[in-house]
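Chain residues, written in single-letter form:
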Amino acid sequence: MTGYKNDKDDVLRRLRRIEGQVRGLERMVEEDTYCIDILTQVSATTAALQSCALALLDDHLSCCVSDAIAEGGDEAQKKVAEASRAIARLVRS
């Protein structure tokens, strides 16, 4: 089971919006838009991706990790370590 199961439609909606932003960036470059305007839109797109990632992480912690902790054992430790690595990747990006 995925942690975002209940929010799948929201995640897909966010990703489609981000896809539209990326297509808009491509169009801006094709149309020789001013560099700073493109960079502003890149920042907005990056923020949207980060927001989506945080929502997915929250769902993962609320569902997958908490379920594993409730069950205990090695799986709980694996899920916590996995979540920790995911958080580290997000912080570095």
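1. Looking at the environment of Ser51
Point 1. Following the sequence through the fold, Ser51 ends up in helix α2 (residues 35–71).
Point 2. Of the residues examined, Ser51 reaches a relative accessible area of 34% and is grouped as partly exposed.
Point 3. As a C-alpha pair, Ser51 and Arg14 span 37 residues in sequence and 9.1 Å in three-dimensional space.
Point 4. Side chain to side chain, Ser51 and Arg14 meet in a polar contact 2.9 Å long.

2. A closer look at the packing of α2 against helix α3 (residues 74–92)
Point 1. In contact at an axis separation of 9 Å, α2 and α3 are set at 165° when each is read in the N-to-C sense. In terms of axis orientation, α2 runs roughly antiparallel to α3. Along this stretch, α2 crosses α3, giving a crossing that reads as left-handed. On the side of α2, the interface is formed by Ala53, Leu54, Leu57, His60, Leu61, Cys64, Val65, Ala68 and Ile69, while α3 contributes Glu75, Ala76, Lys79, Val80, Glu82, Ala83, Ile87 and Leu90.
Point 2. Its residues placed into classes, the contact of α2 with α3 shows 13 nonpolar, one polar and three charged.

The rules behind each value
Residues numbered from 1 in each chain as written. Predicted model: local features only at pLDDT ≥ 70, side-chain atom pairs only at ≥ 80, totals over all residues. Heavy atoms only, no water. Helix = DSSP H or I, 4+ residues; strand = E, 2+ residues; numbered from the N terminus. Buried < 20%, exposed > 50% of the residue type's maximum accessible area, 1.4 Å probe, protein only. Polar contact = N/O pair within 3.5 Å; in protein donor to acceptor, adjacent residues only side chain to side chain. Axes fitted to C-alpha atoms, helices over the stretch in contact; angles between N-to-C directions. Parallel < 35°, antiparallel > 145°, perpendicular 65-115°, else oblique. Left-handed = near helix turned anticlockwise from the far one by under 90°. Contact = heavy atoms within 4.5 Å. Nonpolar A, V, L, I, M, F, W, Y, C, P; charged D, E, K, R; others polar.

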